[in-house]
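# Observations on chain architecture
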Amino acid sequence: MNSHHDIENKLSAARTQLILDKPFLGALVLRLPMKAANPDWCEKVATDARHFYYNPEYIENLNVNEVQFILAHEALHCALSHFARREHRNKFRWDIACDHAINPLLLDDNLTPPSGVWIEESYKGMTAEEIYPYIDENNSDEPMDRHIYEDEEQHSEGEKGSDTSAPSNEDCDAQGDSGLDETQRDDNFGGQGNEQQQQASENDLADQPPPLSDTEKQNLDTQWRQRLAGAAQQAMQAGKLSGEMARLVDHLLQPRLPWRSLLARYMTMNARDDYAYSRPSRREGSAIFPSLRSAQLEVVVAVDISGSISDNEIAECLSEIDGLKGQLRAKITLLACDADLAEECPWQFEPWEEFYMPLVITGGGGTDFRPVFDYIAQHDTQPDLLVYFTDAEGKFPHCAPNYPVVWLVKGRHAVPWGQRVQLN
């Protein structure tokens, strides 16, 4: 076996190459101090969202290009806040979904995976939340690394890590950390390898750290989001941020608000409730008091039926709108569209009628949003609100209409105008 010094040199060379060639990933990797780990618990590599742990023997058997892949993989687990996003999901399936979310990105960025790392390219562009339902409960795959930010013996909702140790200055940067400049000041890299020298001896291999507490997860989530923003900004300035990575960053840095609450807010804002100041009859006195009057809200709901949205997702969305429309006295016109409107369109629902997706819809093609807007333009009644449920991959009208549009978007694609609400 090569000496620890040789292994550290390989890790250092891989990290340096990432910084030069792929500054976005390199800046994130710099945020994970490296620790040689005891092979009793670390078979390959691992992270607790504070450090990169490695089995020296495993790193020894990789070339520098493969080490770059491994380093970037661990850094993205942290930058994407996988440690804070699991919620009620089974940990084992979640860990596999997180690996599948990362690896196609790295392959697309021309990094070289080690042998034995299986990459499912059909998951490219999908988040871990979107991939998770496709991971079978009896899946025999193993995560390619260990995610030790949680108690690995627990898999149920309400799991909490023990708060046995508070993060040190080395483990956790100050709340204000952002960008690479601070990294260059506080990260031990290259010629400043004091940390590696202190921990690299064969008799000083790191034990498995305790899981993160809820408070530590929240703090680290904030810090990694700041690091993600700083790394992306630097890479864009250098002209070295791929389009897929840029979309990923934009998606992750959007406000994390429940889509149901946002939808309710926009529908309520457009409800036509107003006060009337009509003069009362003489028998009621001379004072004029405002009275609340409510007009019927006209809402158009459009559903993308091109095949990228599942029936369950559509049903969930329409159920939420159904609950809101009764409260707001909303009449709803439902349109279904792929490359063109479905033959059966439109369907109309009064405020007192249940709002649902018809069982029979003729469709299946590309995605074009223009037919929905053309339909509205051809009818006399302008809606108070258009809600469009889609993955935002299609042809948009060139100009925004003169009525509000809310896009409920599954995935990471942008919209040219209107209010975008992240669905998943």
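Further up the page is the structure itself.
In this report, we go over the structure that sits alongside the text. (Residues numbered from 1 in each chain as written. Predicted model: local features only at pLDDT ≥ 70, side-chain atom pairs only at ≥ 80, totals over all residues. Heavy atoms only, no water.)

### Let's talk about the pattern of salt bridges
Oppositely charged side chains can pair when the atoms bearing their charge come close. Here is the rule we go by: Whenever Lys or Arg places a side-chain nitrogen within 4 Å of a carboxyl oxygen from Asp or Glu, that contact is recorded as a salt bridge. Any residue under 20% of the maximum accessible area for its type is buried, any over 50% is exposed, and the rest in between are partly exposed; the area is computed with a 1.4 Å probe on protein chains only.
A full pass over the atoms with the stated rule returns 10 salt bridges. Among the ionic pairs, R89 bridges to E87, the shortest N-O distance being 3.9 Å. Looking at R89, the relative accessible area reads 12%, which means it is buried.

### A few points about the pairing of strand β11 (residues 405-409)
For clarity, the cut-off: Every helix listed is a DSSP run of H or I at least four residues long, and every strand listed is a run of E at least two residues long, numbered separately from the N terminus. Two strands make a pair as long as DSSP finds a minimum of two bridges between them.
Burial within β11 is extensive, with 5 of its 5 residues counted as buried. Residues V405, W407 and V409 point to one face of β11 and V406 and L408 to the other, with burial holding for every one of them. Where strand β10 (residues 385-390) meets β11, 5 bridges bridge the pair, whose relative direction is parallel. For V387, the partnering residue across the bridge sits in β11 and is V406.

### So, the sheet that holds β10
Applicable threshold: Each axis is a line fitted through C-alpha atoms, and for a helix only the stretch in contact is used; angles between axes span 0 to 180 degrees, taken between their N-to-C directions. Two residues form a contact once any of their heavy atoms are found within 4.5 Å.
Strand order in the open sheet formed by 6 strands is β9-β8-β7-β10-β11-β12, and the pairing between neighbours is mixed. Edge positions in the sheet fall to β9 (347-349) and β12 (419-422), since each of these pairs with one other strand and no more. Between one strand axis and the next, the sheet turns through 20 degrees on average, direction left out of account. Bridge count for strand β7 (residues 297-304) against β10 is 5 bridges, and the pairing is parallel. Following the sheet pairing, V300 is matched in β10 by L386. Contacts from helix α13 (residues 370-377) reach β7, β8 (330-337), β10 and β11, with the element oriented near 160 degrees to β10.

### Observations regarding the sheet that holds strand β2 (residues 45-47)
Across the sheet, which stays open at both edges, the 4 strands sit in the order β1-β3-β2-β4 with mixed pairing between neighbours. Either end of the sheet is taken by a strand with one partner, and the two such strands are β1 (34-36) and β4 (146-147). Where β2 meets strand β3 (residues 52-54), 3 bridges bridge the pair, whose relative direction is antiparallel. Across the sheet, T47 pairs through a bridge with F52, a residue of β3. The strands touched by helix α4 (residues 64-79) within the sheet are β1, β2, β3 and β4, with β2 carrying the most contacts at an inclination of about 20 degrees.

### Description of the packing of aromatic side chains
Which entries qualify depends on this criterion: Put simply, two rings from Phe, Tyr or Trp (the six-membered ring, in Trp's case) pair if the centres are within 6.5 Å, and we call them stacked under 30 degrees between planes, edge-to-face over 60, tilted for the rest. Two thresholds decide whether a charge sits over a ring: the Lys NZ or Arg CZ must be within 6 Å of the ring centre and within 35 degrees of the ring normal.
Counted according to the given criterion, the structure contains 13 aromatic pairs. On the numbers, 6.1 Å between centres and 40 degrees between planes, the contact of F373 with W407 is tilted. Remark: W407 occurs in strand β11 and F373 occurs in helix α13; sequence separation between them is 34 residues. Both rings, one in Y388 and one in W407, keep their centres 5.2 Å apart while their planes meet at 20 degrees; by these two values the pair is stacked. Separated by 19 residues along the polypeptide, Y388 in strand β10 and W407 in strand β11 bring together distant segments of the chain. Judged by its relative accessible area of 0%, W407 is buried. Taken together, F369, F373, Y388, F396, W407 and W417 form an aromatic cluster joined through their ring pairs. Against the face of Y132 rests R93, its NZ or CZ located 4.3 Å from the ring centre. Just above the ring of W224 sits the side chain of R227; from NZ or CZ to the centre is 4.4 Å.

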